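Observations on chain architecture
Take a look at the letters that make up each chain.
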Amino acid sequence: MVDNDRDFYGQEWKEDRGEKSSTYLDASELVLNMGPQHPSTHGVLRVILKLDGEKVLGTECVIGYLHRGVEKIGENRTYTMFAPYVDRMDYVAAVSNGLGYCTAVEKLINVEAPPRAQYIRVIMTELQRIASHQVWLGTHALDIGAMTPLFYTFRDREEILKIFEKYCGARLTTHAFRIGGCQYETYEGFEKEVKKVCAFMEPKFGEYEELLTTNRIWVERTKGVGKLNGDECKALGVTGPVLRASGVKWDLRKAQPYSGYDKFEFDIPVGENGDTYDRYMVRVKELHQSLRIIRQAVDNIPEGPILAKVPKVLKPPVGEIYHSIEAPKGELGYFIVSDGSLQPYRMRIRPPSFVNLQALDKMVRGLLVADVVAVIGTLDIVLGEVDR
Amino acid sequence: MAEEHKPDATPPAGTQPAEKPAADVKSLPPTLPSSSTTAETKPAVPAAPVKPVAPAKPAGPVPVPWDNEFIHGLKTVYESGIRETSTYLGQNYMVVDASILTEILQDYRDDEGFDYLVDLTAVHYPKREKAEFEIVYILYSFVKNERVRVKTQIADGESVPSATAIWPTANWLEREVFDMFGIRFEGHPDLKRILLPDGWKGHPLRKEYGILQQDKEWVQINLGIESGQ
């Protein structure tokens, strides 16, 4: 399975080796455990590395340390009761998880959220996308050795969390939306505050870029590392910024708009080379696009009800539905089977992190151990979502 | 909650306590044990003319047959192997025999451009005889911007051909299905548990596996504690 003949740079590996030895230095292959308590694996991911010196010959991911059986819990809760659980999957983008779940159930019961609720949802979800990308950027840069971005991003993310806290009382696991719309009306001065945060954020994104985009160390560590081309991404089911960095212009907000995303103007940033640097650039550009969406939404937010007429006791008709949204990490899908009772018969969650993580092996073969850290970072995984 | 509310039955007028706002009429339980007595003692609520309660909830949307040229072609080739092709709530799905599953998936990828396997999962129906498990493949085509679900049904203990050769994505997804349902995929390169620890007993997403059930033995041996339940 391991392509021992060529390294990442396409050079023959065996050219200088003796007939029998399989490694450069006549050392035997080394198996190294990285994680599950390694700080750069972003949680409890364990990667078993098969090494030849510093060079990675193959990897195996061991996951499941955070498995809580979310899908089983879903089958044993009513539709309404299950909503807060989804926040605990991708806990740095809880709002997006909630939006995906609520829109999926709404589709199943054939209800649409009122326009005002949709706008509030878009604002909150895009704020969450910015916050999620900020966590990613901070930790990813820290892994590669740049410490300052972490302080910058976490300082700025705070402003978004403050809005969440004021809106729904929670900062992390927000449970901001309800099936059929939003439970809470926006607080007084919400629009003003969101606009203020937008104005505050824009120059900050410039600061991140100033620190990294042309930074020699950053460029050396990320350019050409962990390449994936578009076809490989599709074959591996990789979605989100990772797919877009490989040149595939695909975003569910445009391809299959939900929650009124078709009303907003925004671009889909794409990369060319599909390497770690391009993924960084795509995400940084997405930060600006999110701001653009938020500004449009705040300016045009309509008046009206925020909750559609949804029966207090939800009993969707017998049937099944698959609905997915563009979460910060990729396609987040819910496949719900209803048997007409109060609880879902089957609640399948298609997590973007889980599927994207599968590409790790392909991306790191032939690289150095230090690059594995960079690639794990660039995939932007959250183990709560990988393991569910 | 379950036993209190039966929202799809018709609430008879006059069973509501007078102070209840009319808006709640719909969600009130129609056959409270006390309803007969209250109906006698209390005069019918004057206003709130029993809203023509949404005529017994028109049983919701129903699947409608789905057909196109490609489906037609498949049907002529595989005939009864394609059991059902329908659209439900705007989403297309088909049910096929497990024996022709690989061919169908291959056709979908090669001829129709469904180059992205979105998800692969299973559903357990213990009451269905000889078809306890339903395997669901959700496919997406970037070119057509279209989704389709291909489903197949198998009996407990039967295996399904692996889709790893068609989409590498299937690798982990099939491992997860194996982990959670105990369904084997023929031809999978490395079929073993993925989320639960090796050596765990049972497959949690089967319906007979209780939500509080644990592998007590595993917990005792590996964690050295009594199981939490």
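Above: the structure in question.
Conventions and cut-offs
The residue count restarts for each chain, going from 1 along the sequence in the order it is written. The order in which chains are written sets their letters, starting at A; the order in which ligands are written sets their numbers, starting at 1. For a predicted model such as this one, the threshold for reporting local features is a pLDDT of at least 70, and the threshold for listing and counting side-chain atom pairs is 80 or more; totals across whole chains, interfaces and linings nevertheless cover every residue. Should DSSP find at least two bridges between two strands, the strands are taken to pair. Only DSSP runs of H or I covering at least 4 residues are called helices, and only runs of E covering at least 2 are called strands; the numbering of each starts at the N terminus. Working definition of a contact: two residues with C-beta atoms, positioned from the backbone, lying within 7 Å. In this description, a line fitted to the C-alpha atoms serves as the axis of each element, helices being fitted only across the stretch in contact, and the angle between N-to-C directions of two axes falls anywhere from 0 to 180 degrees. Think of it as three bins: nonpolar holds Ala, Val, Leu, Ile, Met, Phe, Trp, Tyr, Cys and Pro, charged holds Asp, Glu, Lys and Arg, and polar takes everything else, Gly as well. Our exposure labels follow a C-beta count within 10 Å of each residue's own C-beta, placed from the backbone: buried means 20 or more other C-beta atoms, exposed means 12 or fewer, and partly exposed covers the counts in between. Multiplying 1.5 Å by the residue count of a helix minus one yields the expected span of that helix.

1. So, the sheet that holds strand 4 (residues 116–124) of chain B
Residue and element names in this part refer to chain B. With mixed pairing, the 6 strands of this open sheet are ordered in space as 1-2-3-6-5-4. Both outer strands of the open sheet, strand 1 (64–65) and strand 4, are each paired with one neighbouring strand and no more. Of the pairings in the sheet, the one linking strand 4 to strand 5 (residues 133–141) comprises 8 bridges and is antiparallel in character. In the sheet register, Thr121 faces strand 5, and the bridge partner there is Val136. Its contacts with the sheet put helix 4 (residues 170–181) on strand 4 and strand 5, and the angle it makes with strand 4 is roughly 10°.

2. Describing the interface of chain A and chain B
Of the residues lining the interface, 38 residues belong to chain A; the matching set on chain B comes to 37 residues. When residues of the side of chain A that touches chain B are traced back to their parent elements, those giving at least two are helix 1 (70–75), helix 8 (230–236), strand 6 (319–327), strand 7 (330–338), strand 8 (344–350) and helix 12 (352–357) of chain A. Looking at which element gives the most residues to the side of chain A that touches chain B, the answer is strand 7 of chain A, with 4 residues. When the residues that make up the side of chain A that touches chain B are grouped by side-chain class, the tally is 16 nonpolar, 11 polar and 11 charged.

3. A few points about the environment of Phe142(B)
You can see Phe142(B) is positioned in the loop between strand 5 and strand 6 (146–154). You can call Phe142(B) partly exposed: it has 17 C-beta atoms within 10 Å. Ignoring any residue separated from it by four or fewer positions in sequence, one finds Phe142(B) in contact with Lys234(A), Trp250(A), Asp115(B) and Tyr116(B).

4. Topic: helix 3 (residues 94–109) of chain A
For helix 3 of chain A, with 16 residues, the first-to-last C-alpha span of 23 Å sits near the 22 Å given by 1.5 Å per residue. Among the 16 residues in helix 3 of chain A, 16 count as buried, and that is most of the element.

5. Side note on the sheet that holds strand 8 of chain A
All names here are of chain A. Spatially, 3 strands are ordered 6-7-8 in an open sheet, and the strand pairing comes out antiparallel. Only two strands of the sheet have a single neighbouring strand rather than two, namely strand 6 and strand 8. Neighbour-to-neighbour, the strand axes of the sheet open up by a mean angle of 15°, direction not taken into account. Of the strand pairs in this sheet, strand 7 and strand 8 are connected by 6 bridges, and their pairing is antiparallel.

6. A look at unusual backbone geometry
Even without a glycine there, the phi angle at Ser259(A) is positive, about 50°. With respect to the helices and strands, the residue Ser259(A) is situated in the loop between helix 10 (252–255) and helix 11 (276–300). Phi is positive for Asn145(B), close to 55°, though the residue is something other than glycine. Take Asn145(B): it is sitting in the loop between strand 5 and strand 6. Assessed through the 11 C-beta atoms surrounding it within 10 Å, Asn145(B) is described here as exposed.

Remember, this is a structural readout, not a statement about activity or role.
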